[in-house]
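Structural features, examined
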Amino acid sequence: MINKILIVDDSPVARRMLRTSIPKDKGFEIFEAGNGQEGIDKFKELKPDVVFMDLTMPVLDGYQATAKIREIDKNAIVIVTTADIQPKSIASVMELGAFTLLKKPAKAESIVEALNKVEMKLKKLRENK
Amino acid sequence: MANETVEIFSDEEKDILQEIMNIAFGNATADLADVVDIYVKLSVPSVQVIEIGALPEYLRTTIKTDGTSNIIEQKFWGNFKGSGLLVFPGGTERDLMAILEDQDREDISNIQMAALEKGGLLEIGNILIGACVGKVSELLDTFVTYSPPQVLQGDTNNCNFLIEQFDPSQTAIVMKTLFNFKEKDINGFLLILTNHESIGWLRKALKNFMDSYE
Amino acid sequence: MIVSQIFDMLDAGIVVLDRDLNVFKWNRWMSTHSKISAEEIVGKPLFDFYPELNKSWFLRNCKSVFTFGNFAFISQKLHKYCFPFKSYYNSLGYRFDFMQQSCTLGPLRNDSNEIQYIYITIQDVTEIVAYEQKLIEMNIKDGLTGVFNRRFFEPRLEEEFQRHRRYNRSLSLIMLDIDHFKHINDTYGHQAGDYILKSISLLVEKKIRNVDIFARYGGEEFCCLLPETSLDSAKVVAENIRKQISDETFHFKDKEIRLTLSQGVASLAKDIESAEALLKKADDALYAAKNTGRNKVVALQ
């Protein structure tokens, strides 16, 4: 079960767009961070079930933050949200160990689809424990 | 100056526009790969509101106006109205031409070569400006038409000519993004200048855009 | 109704293509110039009729318009033309293989604002290109003789000088001057003088190579730049010219005119450090030729 979601994006508008597109009826707790470093700090503090991660951010970018979070928890689920969907960009993001990639602006349906996949993954992880 | 710009364009509106540009330019790069074989890296776009009076100085400091830059300018028209400016450092013409990769370049004179390089710049400019402005328009639920692009020599006089299309009492919204063509290692940047007439419409369009995220 | 009339009456080509680049519309201007009727081509792939357009630059521009909804401007300077149409006339008498065209591509949207078609407009710019060429020619050629003018020659001299010196190649320069030209003008009139200038230009051009640059330097003085040519070879060229002119009888109206040329030749050498110095040396040689009896070639080592 997903309880906590962390959105890491330097743009308050982007955070708002994502937050409002996440289904409201599931009772998720949604947290926000404004850059990669803040994202890592909140990840440690809140232990969210899934992280939505932007790529281009000040202080620490999404590539570095994703790698760091996966280092802290090798099972951490990071969904990269980016407008740059050039094949080469996607490939480099997946290499970092991102769970999946959502094209910005993310539609509600694709978010639900991604979260469903996360649920399945979480279930598997729990069974393997 | 600061007080007045706040009145015209709020920080939130700037944030929305910035995110729209971020999305638009990112999406544009993916579509660009369909049209020309390049891998583009883009910086986080910035949005600034600048008084026309301060625009020459802004352009002079942003663009190296020492005659070495290649500047391609293209106007666009519609609800969303203004100019796109693409700036490449001098000496990158041949590499840019190579992106197009289809010019028969055997046995041509210097005069023809100069014309070809200019043609290559224009075509790259037309595609890049069209891709970025087109995507911004699409997200704002409008579409624009374009004038033919032109190559400006990178000197101050030409910047002045650019500024003349704005009413000096007004303000312009300047959107800037840096880009890098990975394989060719060419850096450049894109400026989109919208004039005052568009601002009223733009505010409404930004509001409409965000309304779907309430 | 009115719009469709304009579509066929317009003095420009309009083609509409669908996403698969099949022809959807083909206006009368296009039928007239292509000799392909709308009935024949509509519904068929454009490339069936114009395979030469199936090139990356054309495809890229079409794709760009379909993808971004922007416009593509296909300049005559870069591509000369899109559609190979016969070039009929132009008032300046230039010949072009095909009609010179300036074309624009743009998007056409359906009711839901999706780009369904693209249009291409084709403008005949042959006349403008002819004027452009005329202007370029006027700028670089001498109006009377049709050989290059001094304005064109001097930068070429500078360029060739730099290039040959850099690569240590031989480069020669001949200065030519018609002997007693004032006498021809005084005796036979200025029209005869003009005729002589033209005739000599024609004769000299036949004696030199395409890569040589022959220009009227001023008055009755000409110069000829010979790339990749040693002093000895340049002397041979000059001597050929001298002989040809002195053997020739010029006919103007019912008059027979005989004349001679004096020439000075110089070549790139270590002590010549600028294009001007090369010019000066050839000019000194010409002066020596004039002072030692005319109708001769003098080369200064």
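The residue count restarts for each chain, going from 1 along the sequence in the order it is written. Here chains are named by letter from A upward and ligands by number from 1 upward, in the order in which they appear as written. The predicted origin of the model limits local features to residues at a pLDDT of at least 70 and limits the giving and counting of side-chain atom pairs to 80 or more, whereas totals for whole chains, interfaces and linings rest on all residues. With hydrogens and water excluded, all non-hydrogen atoms of the structure serve as input to the side-chain values.

1. Considering the interface of chain C and chain B
Taken together, the contact pairs 16 residues of chain C with 27 residues of chain B. Summed over both partners, buried area is the accessible surface (1.4 Å probe) that two parts give up on being assembled. Carbon and sulfur atoms make up 60% of the surface buried where chain C meets chain B, a total of about 1,800 Å² over both sides. It is C:Arg60, C:Phe68 and C:Leu78 in chain C that bury the most area against chain B; as a group they hold 39% of the surface buried on that side. Throughout this description, the term salt bridge denotes a Lys or Arg side-chain nitrogen within 4 Å of a carboxyl oxygen of Asp or Glu. Between the two partners, chain C and chain B, sit one salt bridge. Any two residues having at least one pair of non-hydrogen atoms within 4.5 Å are treated as being in contact.

2. Brief notes about the side chain of C:Lys290
Residue and element names in this part refer to chain C. A helix here means a DSSP run of H or I that spans at least four residues, while a strand means a run of E at least two residues long, and both kinds are numbered starting from the N terminus. With respect to the secondary-structure elements, Lys290 resides in helix α12 (residues 275-291). We call a residue buried when its accessible area falls under 20% of the maximum for its residue type, exposed when it is over 50%, and partly exposed in between, using a 1.4 Å probe and counting protein chains only. The exposure class assigned to Lys290 is buried, which follows from its relative accessible area of 17%. Within the structure, the side chain of Lys290 is placed 3.0 Å from the side chain of Asp179, a separation counted as a polar contact. Polar contact criterion, stated in full: a pair of N or O atoms within 3.5 Å, where within protein one must be able to donate a hydrogen and the other to accept it, and residues adjacent in sequence count only if both atoms are side-chain atoms.

3. Section: the confidence of the model for chain B
On a range of 0 to 100, pLDDT expresses the predictor's confidence in each residue. Per-residue confidence for chain B averages 79 on the pLDDT scale, and 81% of its residues sit at or above 70. Within chain B, the element-level pLDDT minimum falls on helix α1 (residues 2-8) of chain B, averaging 49, and the maximum on strand β5 (residues 145-146) of chain B, averaging 90.

4. Some details on the pairing of strand β4 (residues 82-88) of chain B
Residue and element names in this part refer to chain B. Of all seven residues making up β4, seven are buried, and the element is well covered by its neighbours. Two strands pair under a simple rule: DSSP has to find at least two bridges between them. The pairing of β4 with strand β8 (residues 186-194) spans six bridges and is antiparallel. Each bridged residue has a counterpart across the sheet, and for Ser83 the counterpart in β8 is Leu193.

5. Remarks on the nonpolar core
Grouped together as the largest cluster of nonpolar side chains are 61 residues, with contacts concentrated most on B:Phe9, B:Phe80, B:Phe88, B:Ile173, B:Phe181 and B:Leu202. No other element matches the ten residues that helix α2 (residues 11-35) of chain B contributes to this core. For B:Phe80, the residues in contact, after removing those within four places along its chain, are B:Val133, B:Val136, B:Ser137, B:Thr142, B:Val144, B:Met175, B:Ile192, B:Thr194, B:Ser198, B:Trp201 and B:Leu202. What makes a nonpolar core is a set of buried Ala, Val, Leu, Ile, Met, Phe, Trp, Tyr and Cys residues whose side-chain atoms join them at distances within 4.5 Å. In this structure, C:Met30, C:Val65, C:Phe85 and C:Ile122 belong to the second largest nonpolar core, which totals 30 residues.

6. Concerning the sheet that holds strand β4 (residues 78-82) of chain A
Residues and elements named next belong to chain A. Taken in spatial order, the five strands of this open sheet run β2-β1-β3-β4-β5, and their pairing is parallel. Each having just a single partner strand, β2 (29-33) and β5 (100-103) make up the two edges of the open sheet. Direction aside, neighbouring strands of the sheet carry axes that sit 20° apart on average. Here four bridges tie strand β1 (residues 4-8) to strand β3 (residues 50-54), and the two strands are oriented parallel to one another. Across the sheet, residue Leu6 finds its bridge partner in β3, namely Val51. Axis geometry follows a simple rule: fit a line to the C-alpha atoms, using only the stretch in contact for helices, then measure angles between N-to-C directions, giving values from 0 to 180 degrees. Against the sheet, helix α3 (residues 62-72) contacts β3 and β4, and its axis sits at roughly 155° relative to β3.

7. Some remarks on the pairing of strand β7 (residues 213-218) of chain C
All names here are of chain C. In terms of burial, β7 is a largely internal element, five of the six residues being buried. Direction of pairing for β7 relative to strand β8 (residues 221-227): antiparallel, over a ladder of five bridges. Within β8, the residue paired with Phe214 across the bridge is Cys224. What sits between the antiparallel neighbours β7 and β8 is a turn of two residues, in which Gly219 has the positive phi angle 50°.

8. Topic: the interface of chain B and chain A
Reports of interface size often rely on the accessible area that becomes lost once the parts have come together. Taken together, the contact between chain B and chain A spans 22 residues of the former and 20 residues of the latter. For chain B, the biggest contributors to the area lost against chain A are B:Glu19, B:Tyr39 and B:Tyr213; these three give 31% of the whole. Across the contact surface, chain B and chain A share three salt bridges. Taken together, chain B and chain A are joined by ten residue pairs in polar contact (both at pLDDT 80 or more). Only α2, β1 (40-42) and α7 (196-211) of chain B provide two or more residues apiece to the side of chain B that touches chain A. Here the side of chain B that touches chain A takes ten residues from α2(B), the largest share from any one element.

9. Observations regarding the sheet that holds strand β6 (residues 171-178) of chain C
Residue and element names in this part refer to chain C. One open sheet holds the five strands; their spatial order is β7-β8-β6-β11-β12, and the pairing between them is mixed. Two strands in the sheet have a free side with no partner beyond their single neighbour: β7 and β12 (297-299). Mean inter-strand twist for the sheet, computed between neighbouring axes without regard to direction, equals 20°. Sheet contacts for helix α11 (residues 231-247): β6, β8, β11 (261-267) and β12; angle to β11, the most-contacted strand, approximately 170°.

10. Some remarks on the side chain of C:Ser64
Residue placement: C:Ser64 occurs in helix α5 (residues 56-68). Overall, the relative accessible area of 0% leaves C:Ser64 in the buried class. Non-local contacts of C:Ser64, meaning those with residues more than four positions away in its chain, are made with B:Val35, B:Ile127, C:Gly69 and C:Asn70.

11. What to know about α11(C)
Spacing of three or four residues puts side chains on the same side of an α-helix, whose turn is 3.6 residues. All names here are of chain C. Across its 17 residues, α11 extends 24 Å between first and last C-alpha, which sits within 8% of the 24 Å expected from 1.5 Å per residue. Turning to α11, its buried residues are Leu231, Ala234, Val237, Ala238, Ile241, Arg242, Ile245 and Ser246. The arc that holds the buried residues of α11, viewed along the axis, is 160°, so those residues lie on one side. Considering only its buried residues, α11 is in contact with β6, α10 (190-207), β8, β9 (250-252), β11 and β12. Expected span of a helix: the number of residues minus one, times 1.5 Å. By construction, the arc corresponds to the directions joining the helix axis to the C-beta atoms.

12. As for the arrangement of the chains
Among the two pairs of chains in contact, the pair with the most contacts is chains A and B. Note that chain A does not reach chain C: the shortest distance linking a C-alpha of one to a C-alpha of the other is 15 Å.

13. Here we look at the packing of α2(B) against α5(C)
The description of two helices packed together rests on the angle between their axes and the distance between the axes. Where α2(B) contacts α5(C), the two axes come as close as 9 Å, and the packing angle between them is 155°. Overall, the two elements α2(B) and α5(C) adopt an arrangement that is roughly antiparallel. Remark: the crossing between α2(B) and α5(C) carries right-handed chirality. Contact with α2(B), carried on its side by B:Ala28, B:Asp31, B:Leu32, B:Asp34 and B:Val35, involves C:Arg60, C:Lys63, C:Ser64, C:Thr67 and C:Phe68 of α5(C) and no other residues of that element. Considered class by class, the residues forming the contact of α2(B) with α5(C) number four nonpolar, two polar and four charged. In what follows, roughly perpendicular refers to angles from 65 to 115 degrees, roughly parallel to angles under 35, roughly antiparallel to angles over 145, and oblique to any angle outside these ranges. Throughout, a crossing is termed right-handed when the near helix is turned clockwise from the far one, and left-handed when it is turned anticlockwise from it by less than a right angle. Gly is put with the polar residues, along with every residue not named as nonpolar or charged; the nonpolar set is Ala, Val, Leu, Ile, Met, Phe, Trp, Tyr, Cys and Pro, and the charged set is Asp, Glu, Lys and Arg.

14. Side note on the packing of aromatic side chains
Within 6.5 Å between ring centres, the rings of Phe, Tyr and Trp (the latter by its six-membered ring) count as paired, and their orientation is classed by plane angle as stacked under 30 degrees, edge-to-face over 60, tilted in between. Going through the model one piece at a time under the given rule, you end up with 22 aromatic pairs over all chains. Here the aromatic rings of B:Phe80 and B:Trp201 are separated by 6.1 Å at their centres, their planes lie at 35°, and the arrangement is tilted. With a gap of 121 residues between them, B:Phe80 in the loop between β3 (66-77) and β4 and B:Trp201 in helix α7 connect regions that are remote in the sequence. B:Trp201 carries the same exposure label as B:Phe80, and that label is buried. Here the aromatic rings of C:Phe148 and C:Phe152 are separated by 4.3 Å at their centres, their planes lie at 20°, and the arrangement is stacked. Each member of the aromatic cluster is reached from another via a ring pair, and the members are C:Trp26, C:Trp29, C:Tyr50, C:Phe83 and C:Phe85. Consider the ring centre and the ring normal. A charge sits over the ring if Lys NZ or Arg CZ is within 6 Å of that centre and within 35 degrees of that normal. Over the face of the ring belonging to B:Phe189 we find B:Lys176, whose NZ or CZ atom lies 4.9 Å from the ring centre. Here the basic side chain of C:Lys141 rests over the ring of C:Phe148, its NZ or CZ set 5.7 Å away from the ring centre.

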